[in-house]
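Structural overview for review
Letter by letter, the chains look like this.
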Amino acid sequence: MDQLLENHPLAGLFNRLMPEQVMDAVEVGGLRCSGRFIALNSYENRVYQLELDDETMVVGKFYRPGRWSREAIQAEHDLLAELAELEIPVASPLELSPGQTIGEVEGILYALFPRVGGRAPEELADEQARLLGRLIARIHNAGASRDAPARPRLTPETFGRENLAYLLKHEKIPEQARASYAASVEALVTRIEPLFRGVPLHRIHGDCHLGNLIWSPRGATFLDFDDLRVGPAVQDIWMMVPSFDEDGQRQRALLLEAYREFRDFDPAWLRLIEPLRALRYINYATWIARRWDDPTFKRTFTYFGTLQYWEGQIQDLREQIARIDQLLD
């Protein structure tokens, strides 16, 4: 999982997926494409919206080789099936053959999903926050019902030290910033490790922000469980309402009030919000580093790898450490 992706033998094919390969993969189980399709915005995977002959739309997601094993993808699909069974609004993968939702084209794993109409909200109204609180609680009830050994765990060790070890081993940080960045990560992890002790971990969305939410007249639908992890419940809470200003705290309180209608939430877990935000900084930088040989990443993140970029990362981590120290006083 999430290995040295730039050296994966299928990386070149993944970066050069052709329309014919995409449509051939979709045309299984009697499905037929009309020939019309568009590439959707996704850095991690290759995602396409395709029209079928009956004028319905499906979304094909081709998973980046080397990131997830078949077992890890199946764990994502299993949770989605559980949530759909509970009538929680998610986009569940379509069957490609009886009992199978994972396909393979030239070694690249893929899945098909129904197209969900609607729009991603730019911000939440209070009543929407309450609704999402209830839905996230129900997702977590399902998530806590069983483990997912094939999915990674979200801890200070995995998001902190393991990511740092990758960056140092593969020399992704300029020499002038390497020692300061490493010291900042270690200082952060040392401070926050005690806060995670005793906090239960279970299956969570993992990337539960507004961009992975579609709102329609029928309500909200949760999308893209690709970052499904075993982690603390508060990860999905703070990402849905990320602001740490007064209004963000007020709306987060509304969301949690509704959440507790379906699932307990210990107020002490809120201490993990700023530590998790800091760990996300590290994980995001490592995410770019692992995919740096993908031409899309080089075109998009032109600033990555510069001394200025890493000095900014160091400053962000130091500010987070100071904020965490202040909150813990």
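These notes cover the structure that comes with them. In this text, all values refer to a predicted model and were calculated from it rather than measured experimentally.

1. Describing the nonpolar core
Membership of the largest hydrophobic core comes to 80 residues, with the highest contact counts inside it found for L132, Y181, L188, F222, M240 and W310. Filtering out sequence-adjacent residues up to four positions away, F222 remains in contact with P89, V90, A91, L132, L135, I136, I139, C208, N212, L213 and M240. Within the second largest apolar cluster, 18 residues are counted, among which are L10, V26, C33 and I108.

2. Structural notes on the packing of aromatic side chains
Counted according to the given criterion, the structure contains 20 aromatic pairs. Here F37 and Y48 contribute two aromatic rings whose centre-to-centre distance is 5.7 Å and whose plane-to-plane angle is 65°, an arrangement assigned as edge-to-face. Here the residue F37 occupies a position in strand β1 (residues 33–39), and Y48 occupies one in strand β2 (residues 46–52), the gap between them amounting to 11 residues. Taking the centre distance of 5.1 Å and the plane angle of 90° together, the rings of Y309 and W310 count as edge-to-face. A single burial state applies to Y309 and to W310, both of which are buried. Connected via pairs of aromatic rings, a cluster forms that spans Y43, Y181, Y284, W287, W292, F297, F301, Y303, F304, Y309 and W310. Across from the ring centre of W68, 3.9 Å away, lies the NZ or CZ of R151, which sits over that ring. Above the face of the Y166 ring, R290 is positioned so that its terminal group lies 4.1 Å from the ring centre.

3. With respect to unusual backbone geometry
Its identity is not glycine, yet E106 carries a phi of approximately 50°, on the positive side. Here E106 is to be found in the loop between β4 (103–105) and β5 (108–114). The phi torsion at D224 lies on the positive side, around 55°, for a residue other than glycine. Its place among the elements puts D224 in the loop between β8 (219–222) and β9 (229–231). Taking relative accessible area as the criterion, D224 reaches 37% and is therefore assigned partly exposed.

4. Quick look at helix α5 (residues 156–169)
Relative to the 20 Å expected for 14 residues at 1.5 Å per residue, α5 spans 19 Å between its end C-alpha atoms, a close match to the ideal helical length. When we look at burial in α5, the residues that qualify are P156, F159, G160, N163, L164, Y166 and L167. Packing partners of the buried residues in α5 comprise α6 (175–196), β9, α9 (273–290) and α11 (307–328). One or two steps after α5, the chain reaches E171, where phi turns positive at roughly 50°.

5. Considerations on the pairing of strand β3 (residues 57–62)
Burial analysis of β3 places 5 of its 6 residues in the buried class, which makes it a mostly covered element. For β2 and β3, the ladder comprises 6 bridges, and the chain directions are antiparallel. Counterpart to E51 in the pairing with β3 is M57. Bridge count for β3 against β5 is 5 bridges, and the pairing is antiparallel. Paired with V58 across the strands is P114, a residue of β5.

6. Quick notes on the sheet that holds β3
Sheet architecture is open: 5 strands sit in the order β1-β2-β3-β5-β4, paired in antiparallel fashion. At either end of the open sheet lies a strand with only one pairing partner, and these are β1 and β4. In this sheet, adjacent strand axes meet at a mean angle of 35° when their direction is disregarded. Relative to β5, β4 runs antiparallel, the two sharing 3 bridges. By the bridge assignment, G103 is partnered in β5 with Y110. The sheet strands contacting helix α2 (residues 19–26) are β1, β2, β3, β4 and β5, and the helix crosses β2 at an angle near 65°. Seen against the sheet, helix α3 (residues 70–85) touches β3, β4 and β5 and runs at an angle of roughly 10° to β5.

7. Brief notes about the environment of P217
Locating P217 in the fold gives a position in the loop between β7 (213–216) and β8. What makes P217 exposed here is its relative accessible area of 90%. Here the alpha-carbon distance between P217 and G117, two residues 100 residues apart in the chain, equals 9.7 Å.

Parameters and conventions
Residues numbered from 1 in each chain as written. Predicted model: local features only at pLDDT ≥ 70, side-chain atom pairs only at ≥ 80, totals over all residues. Heavy atoms only, no water. Core = buried A, V, L, I, M, F, W, Y, C linked by side-chain atoms within 4.5 Å. Buried < 20%, exposed > 50% of the residue type's maximum accessible area, 1.4 Å probe, protein only. Contact = heavy atoms within 4.5 Å. Phe/Tyr/Trp six-rings, centres within 6.5 Å; stacked < 30°, edge-to-face > 60°. Helix = DSSP H or I, 4+ residues; strand = E, 2+ residues; numbered from the N terminus. Lys NZ or Arg CZ within 6 Å of the ring centre and 35° of its normal. Expected span 1.5 Å × (residues − 1). Pairing = 2+ DSSP bridges. Axes fitted to C-alpha atoms, helices over the stretch in contact; angles between N-to-C directions.

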